[in-house]
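Descriptive structure summary
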Amino acid sequence: MSTIELSDRQKEIVKIVKKNGPIRGQDIASKLDLTRAALRADLAILTMLGYLGARPRVGYFYSGKSIISLLVENIRKIKVGDVQSVPVVMNEKQTIYDAIATLFLEDVGTLFIINDKGFLEGVVSRKDLLKSLLGNNSAQNMPVSIVMTRMPNIHYITENEDVMEAAEMINEYQIDSLPVVEVVDNEGLNLKVVGRISKTNITRIFVELGEE
Ligand code: ADP
């Protein structure tokens, strides 16, 4: 979608096809007082971008796609695995102090907590940690597991799901991030954390699509 801003001539072509389609290339050309050859590049771009469809011997037709629907189509192609970040993981026995230090060191807002087997056990956020310290200074030596949100209440996603799905979950559950997991054992719900997808990843996609 590098040419999302159409030229005046391209806009004119779309208008003609919308009104008259299906219409042959040479008929578009004659409406614009141009040769078929002069239009070839514009028609190729418009079909490539999905504004126009082309059928042999029938001609060009308007595909009815708005810029928004083209954008959404592109977002739908992006998988969680394409944009995820490295997860920051801690053992459930580590302390609240360790968790706070890790947030600063790793520059993240959420930590994923695993058990001794290495499987996802919980999620701890900035506010969980702040809350644990309110009125209780000695809490920093307690295990992080006492403040985390626990399985099975953790929302998670897998690498081959749509990034749109992740965005919808983050929005619906009002959380900052989701652990990206590999389901090792569905019945015991043993989940291995392989990534992290956060509001930051989603915002970055938005910026990149806007810049393209
Ligand atoms: P903040 O601390 O900035 O509010 P969140 O909005 O991510 O961060 O967290 C809000 C609450 O939701 C916290 O109690 C946190 O433990 C919990 N939480 C965060 N991420 C998840 C998740 N993926 N699944 C379930 N609960 C979560």
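The structure under discussion appears in the preceding block.
Conventions used here
Residues numbered from 1 in each chain as written. Predicted model: local features only at pLDDT ≥ 70, side-chain atom pairs only at ≥ 80, totals over all residues. Heavy atoms only, no water. Helix = DSSP H or I, 4+ residues; strand = E, 2+ residues; numbered from the N terminus. Buried < 20%, exposed > 50% of the residue type's maximum accessible area, 1.4 Å probe, protein only. Polar contact = N/O pair within 3.5 Å; in protein donor to acceptor, adjacent residues only side chain to side chain. Contact = heavy atoms within 4.5 Å. Pairing = 2+ DSSP bridges. Axes fitted to C-alpha atoms, helices over the stretch in contact; angles between N-to-C directions. Parallel < 35°, antiparallel > 145°, perpendicular 65-115°, else oblique. Left-handed = near helix turned anticlockwise from the far one by under 90°. Core = buried A, V, L, I, M, F, W, Y, C linked by side-chain atoms within 4.5 Å.

**Considering the side chain of Ser177**
- Here Ser177 lies in strand E7 (residues 177–185).
- For Ser177, a relative accessible area of 8% corresponds to the buried category.
- In this structure the side chain of Ser177 is engaged in a polar contact, spanning 3.4 Å, whose partner is the side chain of Thr110.
- When neighbours within four sequence positions are excluded, Ser177 is seen to be in contact with Thr110, Phe112, Ile170, Ile197 and Ser198.

**A short note on the sheet that holds strand E6 (residues 149–150)**
- An order of E3-E4-E5-E6 is seen for the 4 strands of this open sheet, with the pairing classed as mixed. Whereas interior strands pair on both sides, the edge strands pair on one side only; in this sheet they are strand E3 (89–91) and E6.
- Relative to E6, strand E5 (residues 120–125) runs antiparallel, the two being bridged by 2 bridges. Paired with Val123 across the strands is Thr149, a residue of E6.
- The sheet strands contacting helix H7 (residues 126–133) are E5 and E6, and the helix crosses E5 at an angle near 75°.

**Observations concerning the environment of Ser7**
- The topology assignment puts Ser7 in the segment before helix H1 (8–20).
- Of the residues examined, Ser7 reaches a relative accessible area of 32% and is grouped as partly exposed.

**Thoughts on the packing of helix H6 (residues 96–106) against H7**
- With their axes 11 Å apart at the nearest point, H6 and H7 run at an angle of 140° to one another. The orientation of H6 with respect to H7, classified from their angle, is oblique. You can see that H6 and H7 cross each other, and the crossing is left-handed. The segment H6 lies against H7, with Ile96, Ala99, Ile100 and Leu103 engaging Arg126, Leu129, Ser132 and Leu133.

**With respect to the nonpolar core**
- Counting residues in each nonpolar core, the largest one holds 16 residues, and the members touching the most others are Ile13, Ile28 and Leu52.
- Of all elements in the fold, only H1, helix H2 (25–31) and helix H3 (36–48) reach the threshold of two or more residues within this core.
- Sort the elements by how many residues they give to this core and H1 lands first, with 4 residues.
- Discounting residues that sit within four places of it in the chain, Leu52 has contacts with Ile13, Val17, Leu43, Leu46, Thr47, Tyr60, Phe61, Tyr62 and Ser63.

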